[in-house]
Amino acid sequence: MSQRNGGARHPDGGPLRDLDLAALAYFAHHAIDPEIAAALGVTATAGAVAWPYRRPEGSTYPRTRNLSGGAKTVQPAGEPLAVWWPAGRPEPGGGVLVAEGESDALAALSALRAAPLSYGRLGVAALPGTGFPAARLAAELRSAGVATAYLVMDGDDAGRTYSEKARVALVEADIDPIEVRLPDGTDLAEWLAALDTVE
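1. Here we look at the pairing of strand E7 (residues 148-152)
Alright, step 1. In terms of residue burial, E7 counts as a mostly covered element, since four of its five residues are buried.
Alright, step 2. Bridge count for E7 against strand E8 (residues 176-179) is four bridges, and the pairing is parallel. The residue bridging Leu151 from the neighbouring strand is Glu179, located in E8.
Alright, step 3. Of the crossover connections in this fold, the one passing from E7 over helix H6 (residues 157-172) to the parallel E8 is right-handed.

So, in structure tokens, the structure goes:
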């Protein structure tokens, strides 16, 4: 296994202490470095991973990914869907990789840590799903001063349809869109995890 995802290590101290074994196995399966996840405030207990979203005024709330079946991701009641910036917004004028879902965003950040410096400066954002309005994505990226957006949606009909809608909305917002096509039936985390197995 490469150093990109770090493998599943028992949380016996340090920043991994808030991650349980089910979460570590999930991270290993999705090419997520658990140390990066922990450093970004991701927590996991009782079979669920909590992604820390930040409201405009600075407070946070968890969006929860169930690891034991049932509804995949739970949005807190009364909280509007939002773009997640796990490592914060990029510097104005820079580029951002837009992933479909929190797991894909963390997998991207894990991969970028080992990437050449120019790619390592790329910001990462996660959509809460393809139901998120493309116009709202464009407005969010424009407010962050993003110049180029790399759209990395899932390799399925929903992902490709959303990528096209987002491309149009980004052009209208004066942002350069670059669509990255994943193989059929895969998402970014799965694709990166598969790369790990052949290194």
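2. Remarks on the sheet that holds strand E4 (residues 73-74)
Alright, step 1. Strand order in the open sheet formed by four strands is E1-E2-E3-E4, and the pairing between neighbours is antiparallel. Where the open sheet ends on each side, the last strands, each with one partner, are strand E1 (43-45) and E4.
Alright, step 2. Here strand E2 (residues 48-54) pairs with strand E3 (residues 60-66) via seven bridges, running antiparallel. What sits directly across from Ala48, in E3, is Asn66.
Alright, step 3. Contacts between helix H1 (residues 21-29) and the sheet are confined to E1, E2 and E3, with E2 contributing the most and set at about 75° to the helix.

3. Brief notes about empty space enclosed by the protein
Alright, step 1. Taken as a whole and assessed by the stated rule, the structure comprises one cavity of 30 Å³ or more.
Alright, step 2. Reported here for the largest cavity is a volume of approximately 60 Å³.
Alright, step 3. Lining the largest cavity are Leu151, Met153, Asp154, Gly159, Arg160, Ser163, Glu179, Val180, Arg181 and Leu182.
Alright, step 4. Broken down by element, the lining of the largest cavity gets its largest block of residues, three residues, from H6.
Alright, step 5. Residue classes in the lining of the largest cavity are distributed as four nonpolar, two polar and four charged.

Calculation criteria
Residues numbered from 1 in each chain as written. Predicted model: local features only at pLDDT ≥ 70, side-chain atom pairs only at ≥ 80, totals over all residues. Heavy atoms only, no water. Buried < 20%, exposed > 50% of the residue type's maximum accessible area, 1.4 Å probe, protein only. Helix = DSSP H or I, 4+ residues; strand = E, 2+ residues; numbered from the N terminus. Pairing = 2+ DSSP bridges. Right-handed = clockwise from strand over helix to strand, strands pointing away. Contact = heavy atoms within 4.5 Å. Axes fitted to C-alpha atoms, helices over the stretch in contact; angles between N-to-C directions. 1 Å grid on protein atoms, 1.4 Å probe; cavity = no way out; pocket = protein on both sides within 12 Å on 5 of 7 lines; lining within 4 Å. Points joined across faces, edges and corners; volume = space filled by probe spheres on them. Nonpolar A, V, L, I, M, F, W, Y, C, P; charged D, E, K, R; others polar.

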